[in-house]
Amino acid sequence: KPVIFSGMQPSSDSLHLGNYVGALTNWVKMQDDFDAIFCVVNQHAITVATDPADLRERTLATAAQYIAAGIDPERSTLYVQSHVPAHAQLGWILGTITGFGEASRMTQFKDKSQRFGTEGTTVGLFTYPVLMAADILLYQADSVPVGEDQRQHIELTRDLALRFNSRFGETFTVPEGFIPKASAKVYDLQEPTAKMSKSAASDAGLLRILDPANVTKKKIMRAVTDADGEIRYDPENKAGVSNLLTIYSVLTERSIEDVANEFAGRGYGDLKKGLAEAVEGTFGPIRERTNELLSDRGELENLLRKGAERANERAEKTLELVHEKIGFPKSF
Ligand code: TYM
């Protein structure tokens, strides 16, 4: 089976709708047809200052949400990044073939460093995409299911794989991004031209999986639309409404046209009510299951330990090959 690899940062108490629609729902669907590896990337999460107790909690909660959403830890390999030292080791090596200019062009780095200023921006934030490349290449992944915002990082990963292969001989599989057109970008409900993100200025546009149903419903009912009152899919002129239609279509697994037809001639309130139901229909069971999983930490940690064992075995193999290629002697 072809290999897929993906991960999310445990940088918040709850995953959000963008994470779910852009990535997690695809992971769940792909499990059957792929040799799937899913990671909680806690080493990436520390590129911005994080309270240790929060980080510990969020790491478990993120893993629990993967499982609650339908990732099967028996079929797929599910683990925490810091449990597999090879990520950081390969990250170092890949850093030595990454151009400074190349890394400087990463738009996510540019955005974040602008926000944090020179002193607030860490070297870890700068080399973040290199560690991400290591994550992917360690498992010889064929495909990486992510949202649109990760496209440039996947491009860098491909460039590094090709560069390493041409310099040192065939070593890495060159991965492809799996970025479905329609669902790869969920927009902020209050600012429907910006992506939904935990770091948005206002919380009102962000739907979190673990939030109570009434909080989520309120945010949906207040979502920004427009004044013309017509429900149709037109992302350029009707960003807010089109975003609601997209989300509804992904959650109900129906086409956008189908969904647009259902609501044609009706009011925005109807669409929002329908969407609130669909979101709760998806989030409700995930929330419940997440809480169950988090009430038995020992069992959850056990699952993650087993996942890490499997991941380590695979990652070590690639790392050994890489060491051999670049001329590191075998350890004595
Ligand atoms: P992260 O943790 O920011 O986001 C996790 C996943 O959610 C997707 N996503 C979205 N998709 C659609 N609309 C949105 N508004 C939205 N917001 C987030 C992201 O595209 C991502 O797929 N660098 C990665 C984590 C990472 C990784 C990896 C991913 C580290 N190593 C290796 C894949 C493979 C990140 O920050 O994702």
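Criteria and thresholds
- Residues numbered from 1 in each chain as written.
- Predicted model: local features only at pLDDT ≥ 70, side-chain atom pairs only at ≥ 80, totals over all residues.
- Heavy atoms only, no water.
- Helix = DSSP H or I, 4+ residues; strand = E, 2+ residues; numbered from the N terminus.
- Rg over C-alpha atoms; globule rule 2.2 N^0.38 Å.
- Buried < 20%, exposed > 50% of the residue type's maximum accessible area, 1.4 Å probe, protein only.
- Contact = heavy atoms within 4.5 Å.
- Phe/Tyr/Trp six-rings, centres within 6.5 Å; stacked < 30°, edge-to-face > 60°.
- Lys NZ or Arg CZ within 6 Å of the ring centre and 35° of its normal.
- Near = heavy atom within 4 Å.
- Polar contact = N/O pair within 3.5 Å; in protein donor to acceptor, adjacent residues only side chain to side chain.
- Areas by Shrake-Rupley, 256 points an atom, 1.4 Å probe, with all protein chains shown as cover.
- Nonpolar A, V, L, I, M, F, W, Y, C, P; charged D, E, K, R; others polar.
- Salt bridge = Lys/Arg side-chain N within 4 Å of Asp/Glu carboxyl O.
- Lys, Arg positive; Asp, Glu negative; His and termini not counted.
- Axes fitted to C-alpha atoms, helices over the stretch in contact; angles between N-to-C directions.
- Parallel < 35°, antiparallel > 145°, perpendicular 65-115°, else oblique.
- Left-handed = near helix turned anticlockwise from the far one by under 90°.
- UniProt positions renumbered as here; feature names shortened; annotations may be inferred.

Some thoughts on the overall build of the protein
Turning to step 1, where the next piece is worked out: For the protein, the count of helices and strands is 13 helices and five strands.
Turning to step 2, where the next piece is worked out: A compact globule built from 332 residues would reach a C-alpha radius of gyration of about 20 Å, and the protein, at 21 Å, matches this within 12%.
Turning to step 3, where the next piece is worked out: With respect to the principal axes defined by its C-alpha atoms, the protein has extents near 70 × 45 × 40 Å.
Turning to step 4, where the next piece is worked out: Counting all 332 residues of the protein, 51% fall into the buried class.

What to know about the environment of Leu138
Turning to step 1, where the next piece is worked out: Inspection of the secondary structure assignment puts Leu138 in helix H7 (residues 123-138).
Turning to step 2, where the next piece is worked out: Residues Leu138 and Asn26, spaced 112 residues apart in sequence, show a C-alpha to C-alpha distance of 21 Å.
Turning to step 3, where the next piece is worked out: Look past the residues within four positions of Leu138 in its chain and what remains in contact with it is Ala86, His87, Leu90, Arg314, Ala315, Thr318 and Leu319.

A look at the packing of aromatic side chains
Turning to step 1, where the next piece is worked out: Inspection of the entire model under this criterion finds ten aromatic pairs.
Turning to step 2, where the next piece is worked out: Pairing Trp27 with Tyr66 gives two aromatic rings, centres 5.0 Å apart and planes at 80°, and the pair type is edge-to-face. Linking Trp27 in helix H1 (residues 17-30) with Tyr66 in helix H3 (residues 52-69), this pair joins segments that are 39 residues apart in sequence.
Turning to step 3, where the next piece is worked out: A relative accessible area of 0% places Trp27 in the buried class.
Turning to step 4, where the next piece is worked out: Residue Tyr66 is classed as buried on the basis of its relative accessible area, which comes to 0%.
Turning to step 5, where the next piece is worked out: Counting every residue linked through ring pairs, the aromatic cluster contains Phe5, Tyr79 and Tyr139.
Turning to step 6, where the next piece is worked out: Sitting over the ring of Tyr128, Lys112 keeps its end group 5.7 Å from the ring centre.

Here we look at the site of the ligand
Turning to step 1, where the next piece is worked out: Taken together, 27 residues are adjacent to the ligand, and Tyr128, Asp135, Gly147, Asp149 and Val186 come closest.
Turning to step 2, where the next piece is worked out: Gly147 places a main-chain nitrogen or oxygen 2.8 Å from an oxygen atom of the ligand.
Turning to step 3, where the next piece is worked out: For the ligand, whose unbound accessible area comes to 710 Å², protein coverage reaches 97%.
Turning to step 4, where the next piece is worked out: Those elements that provide at least two residues to the shell around the ligand are strand E1 (3-8), H1 and H7.
Turning to step 5, where the next piece is worked out: Of the residues assigned to the shell around the ligand, the class counts are twelve nonpolar, ten polar and five charged.

Remarks on the pattern of salt bridges
Turning to step 1, where the next piece is worked out: For the structure shown, the criterion picks out 24 salt bridges.
Turning to step 2, where the next piece is worked out: A salt bridge links Asp211 to Arg208; its shortest N-O distance comes to 3.1 Å. You'll find Asp211 and Arg208 in the same group, each marked buried.

Some thoughts on the side chain of Lys272
Turning to step 1, where the next piece is worked out: Along the chain, Lys272 falls in helix H12 (residues 268-294).
Turning to step 2, where the next piece is worked out: Although buried, Lys272 forms no salt bridge, and the nearest oppositely charged side chain, Asp226, lies 9.7 Å from it.
Turning to step 3, where the next piece is worked out: Looking at Lys272, its side chain comes within polar contact range of the main-chain oxygen of Met221, at 3.0 Å.
Turning to step 4, where the next piece is worked out: Leave out the neighbours within four places in its chain, and Lys272 touches Ile220, Met221, Arg222, Ala223, Thr225 and Leu244.

With respect to the packing of helix H9 (residues 213-221) against H12
Turning to step 1, where the next piece is worked out: Across the interface, H9 lies against H12 with an axial gap of 9 Å and an inter-helix angle of 150°. As judged from the angle between their axes, H9 and H12 are roughly antiparallel. Seen from above, H9 lies across H12 with right-handed handedness. Only Gly269, Lys272, Lys273, Leu275, Ala276, Val279, Glu280 and Arg287 of H12 make contact with H9, whose side of the interface consists of Ala213, Thr216, Lys217, Ile220 and Met221.
Turning to step 2, where the next piece is worked out: Class assignment for the residues of the contact of H9 with H12 results in six nonpolar, two polar and five charged.

Notes on the UniProt feature "binding site: L-tryptophan" (unreviewed entry) in the protein
Turning to step 1, where the next piece is worked out: Per the UniProt record, "binding site: L-tryptophan" (unreviewed entry) is annotated on Asp135.
Turning to step 2, where the next piece is worked out: Take Asp135: it is sitting in helix H7.
Turning to step 3, where the next piece is worked out: We classify Asp135 as buried; its relative accessible area is 2%.
Turning to step 4, where the next piece is worked out: In contact with Asp135, not counting residues within four places along its chain, are Phe5, Val41, His44, Gln81 and His87.
Turning to step 5, where the next piece is worked out: A polar contact of 3.0 Å, which involves the side chain of Asp135, links it to the side chain of Gln81.

Focus: the packing of helix H10 (residues 239-252) against H12
Turning to step 1, where the next piece is worked out: Relative to each other, H10 and H12 sit at 40°, their axes nearing to 10 Å. Considering how the two elements wind past one another, H10 and H12 form a crossing that is left-handed. Together, Val241, Leu244, Leu245, Ile247, Tyr248, Leu251 and Thr252 of H10 and Tyr268, Leu271, Lys272, Gly274, Leu275, Ala278, Val279 and Thr282 of H12 make up the contact between the two elements.
Turning to step 2, where the next piece is worked out: By residue class, the composition of the contact of H10 with H12 is eleven nonpolar, three polar and one charged.

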